[in-house]
Amino acid sequence: MGAFMGIHNLNEIPSIKEFIKNGEQIVTSSPEDFAIVAVDLSNFKHLNDLYGMDEADNAILFMGNYLFFDNPNCVLACRTVGDQFRALICLYGRSHDEEIKLISDMNDSLQKYLSTKYQKVYLHIYTGLYFIDKKNFDMRISIDKAHFAKKQIKGNFQSKCNLFIDEEYKIEAQQMEMVKRFEAASVTDGIKVFLQPKINCVNNKLIGAEALCRMTDDKGEYISPAMFIPVLEKNGLLGQLDFIMMENTFKLMRKWLDDNLLFTPISINLSRSNFYNHNLFNQIVNLRDKYDIPVELIELEVTETTFIDDMSIIYNTIEALRKYGFKISVDDFGAGYSSLGMLSTIPADIIKLDSSFARKSLSSDKGIAIVKNVISMLKETSFDIICEGIETESEKNLIHSLGCDKIQGFLYDRPLPSEIFANKYIFNSVY
């Protein structure tokens, strides 16, 4: 690699504002085809720490010159932050495949050079590439698309260049829109409590309910949980939703108590991500104290996957909640991660047999035998048992014959708005 010929100081690099303005003029006035690249250098912070700021700046300067300012195919470039560049590349007749290979080869060559010079840190150069569509050209959107393509391969050290794919971008945009809807619903009473009854199938009496979330959009129409729950989980917002639902449920329970209505325990979902919050126990207890809900009326549901890793913080927090008086229910048991051995150690009171596990098992003699033995074993180890997802009388009769008389499923009711649930299942009485 040769000496610097393009720029000699990082301050000479154009700003992103200049890049956008000049780039728009170049693309719209030229007959050539262009691409936008977004380039990043992994582990730049470690380079800074181990070799010092001045040497790290030299590495960035070398990177900028090699990839852009000494590159005859690059007509414009800027540095956004630290180790990140955006550049406008002219194809000069090269095909898309040829450009992808050229970028990958240049990244590979530069990465080998930097890794040899800075052997104390592993460096990886990766690029997001977007081929500009002049019919629908917008410089800012083109930059965003290149940046999006780059983000898709962050942490993938085998990939040097990632081409923007419109479908992935649309999905990401839809997810961000869903996050915005959630944020709006959080402050406009758009997070609603629906309740699904738990029934004793021997006498068809209500024994409890599960609080399930429904979210409304700005028009008041309901959004399916299948659309927003995975998005919130991916973006680290499921814990926030849990506490909104917990407060809304406690608020509802407080109203019913004040109206002298008798009702059974309500279970509230608590996602695994909450357990990385070291103040989880205090937050739950403080919320219970705020609404003065009898602790025996509250169940906290955690999924079976919460116990995959034997993490002391999870076990200790759950055990503390149990000692305080909350009932702990393990949801989705048998969904695919079950370890019967863990039942001897998990701090829980209730096991909910997963609907898919029960339904699949009840379709064969072998499966029926397994469910029967699981129920028997759970009873012997003092767990209360509920079977989810029961939809037909025959399923109810069969699961009852196997030893489980507590059921939650469409056979009795779908999740209902809290006011409809109250009218149907709660009757006037002094608590």
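*Asks:* Would you mind going over empty space enclosed by the protein in detail, with residue names and values included?
*Replies:* Per the counting criterion, the structure on display carries two cavities of 30 Å³ or more. Counted as a void, the largest cavity has a volume near 120 Å³. Taken together, 13 residues form the lining of the largest cavity, with Leu67, Asn71, Ile89, Ile103 and Met106 sitting closest to its centre. Breaking the lining of the largest cavity down by element, the ones donating at least two residues are strand E1 (34–42), helix H3 (53–69) and helix H4 (96–117). For the lining of the largest cavity, the per-class residue count stands at eight nonpolar, four polar and one charged.

*Asks:* Tell me about unusual backbone geometry, residues and numbers included.
*Replies:* Of note in the backbone geometry, Asp332 takes a positive phi value of approximately 60° without being a glycine. For Asp332, the position within the fold is in strand E12 (residues 327–333). Among the residues examined, Asp332 registers a relative accessible area of 27% and is labelled partly exposed. Of note, the phi angle at Ser382 is positive, near 70°, even though the residue is not glycine. On the basis of relative accessible area, Ser382 is assigned to the exposed category, the value being 66%.

*Asks:* Give me the layout of surface pockets: which residues, what numbers.
*Replies:* There is about 1,000 Å³ of room inside the largest pocket. Lining the largest pocket are 36 residues, and of these Glu210, Leu212, Ile229, Asn269 and Asp331 sit closest to its centre. Of all the secondary structure elements, the ones that give two or more residues to the lining of the largest pocket are strand E7 (205–216), helix H7 (225–234), helix H8 (238–258), strand E10 (266–269), strand E11 (298–303), E12 and helix H11 (355–361). Along the lines of polarity and charge, the residues of the lining of the largest pocket split into 14 nonpolar, 11 polar and 11 charged.

*Asks:* Which residues make up the sheet that holds E1, and what are the values?
*Replies:* The strand order across the open sheet built from five strands is E2-E3-E1-E4-E5, with neighbouring strands paired in mixed fashion. In this open sheet, the two edge strands, each paired with only one partner strand, are strand E2 (74–79) and strand E5 (161–163). The sheet shows a mean angle of 20° between the axes of neighbouring strands, direction not considered. Where E2 lies against strand E3 (residues 85–90), five bridges are found, and the strand directions are antiparallel. The residue bridging Arg79 from the neighbouring strand is Phe85, located in E3.

*Asks:* I'd like a description of the nonpolar core, backed by residues and values.
*Replies:* Grouped together as the largest cluster of nonpolar side chains are 80 residues, with contacts concentrated most on Trp256 and Ile346. The element that contributes the greatest number of residues to this core is H8, accounting for 11 residues. Beyond its immediate stretch of four places on either side in the chain, Trp256 contacts Leu195, Leu261, Phe263, Ile266, Ser418, Phe421, Ala422 and Ile426. Counting 34 residues, the second largest nonpolar core, distinct from the first, contains Ala56, Met106, Tyr118 and Cys161.

*Asks:* I'd like a description of the packing of H8 against helix H9 (residues 280–291), backed by residues and values.
*Replies:* Following both chains from N to C, one finds H8 and H9 inclined at 25°, their axes separated by 9 Å at the closest point. Between H8 and H9, the angle falls in the class roughly parallel. Between H8 and H9 lies a crossing of right-handed hand. Facing H8, whose interface residues are Phe243, Met246, Glu247, Phe250, Lys251 and Arg254, H9 presents Leu280, Gln283, Ile284, Leu287, Arg288, Lys290 and Tyr291. Taken together, the residues of the contact of H8 with H9 break down into seven nonpolar, one polar and five charged.

*Asks:* Lay out the pattern of salt bridges in plain terms, naming residues and giving numbers.
*Replies:* The final tally for this structure, using the stated rule, is 25 salt bridges. Put simply, Lys290 and Glu247 hold a salt bridge, and the shortest N to O gap is 2.7 Å. Residue Lys290 is located in helix H9, and its partner Glu247 is located in helix H8; the two are separated by 43 residues in the primary sequence. With relative accessibility at 55%, the residue Lys290 sits in the exposed group. On the basis of relative accessibility, which here comes to 22%, the residue Glu247 falls in the partly exposed class. Linking Lys352 and Glu388 is a salt bridge whose minimum nitrogen-to-oxygen distance equals 3.4 Å. A residue pair is termed long-range when its members are at least 10 positions apart, and Lys352 in strand E13 (residues 350–353) and Glu388 in strand E14 (residues 384–388) qualify at 36 residues. For the pair formed by Lys352 and Glu388, the shared burial category is buried. One network of salt bridges, in which partners are shared, links Lys198, Glu210, Glu299, Glu301, Lys352 and Glu388.

Parameters at a glance
Residues numbered from 1 in each chain as written. Predicted model: local features only at pLDDT ≥ 70, side-chain atom pairs only at ≥ 80, totals over all residues. Heavy atoms only, no water. 1 Å grid on protein atoms, 1.4 Å probe; cavity = no way out; pocket = protein on both sides within 12 Å on 5 of 7 lines; lining within 4 Å. Points joined across faces, edges and corners; volume = space filled by probe spheres on them. Helix = DSSP H or I, 4+ residues; strand = E, 2+ residues; numbered from the N terminus. Nonpolar A, V, L, I, M, F, W, Y, C, P; charged D, E, K, R; others polar. Buried < 20%, exposed > 50% of the residue type's maximum accessible area, 1.4 Å probe, protein only. Pairing = 2+ DSSP bridges. Axes fitted to C-alpha atoms, helices over the stretch in contact; angles between N-to-C directions. Core = buried A, V, L, I, M, F, W, Y, C linked by side-chain atoms within 4.5 Å. Contact = heavy atoms within 4.5 Å. Parallel < 35°, antiparallel > 145°, perpendicular 65-115°, else oblique. Left-handed = near helix turned anticlockwise from the far one by under 90°. Salt bridge = Lys/Arg side-chain N within 4 Å of Asp/Glu carboxyl O.

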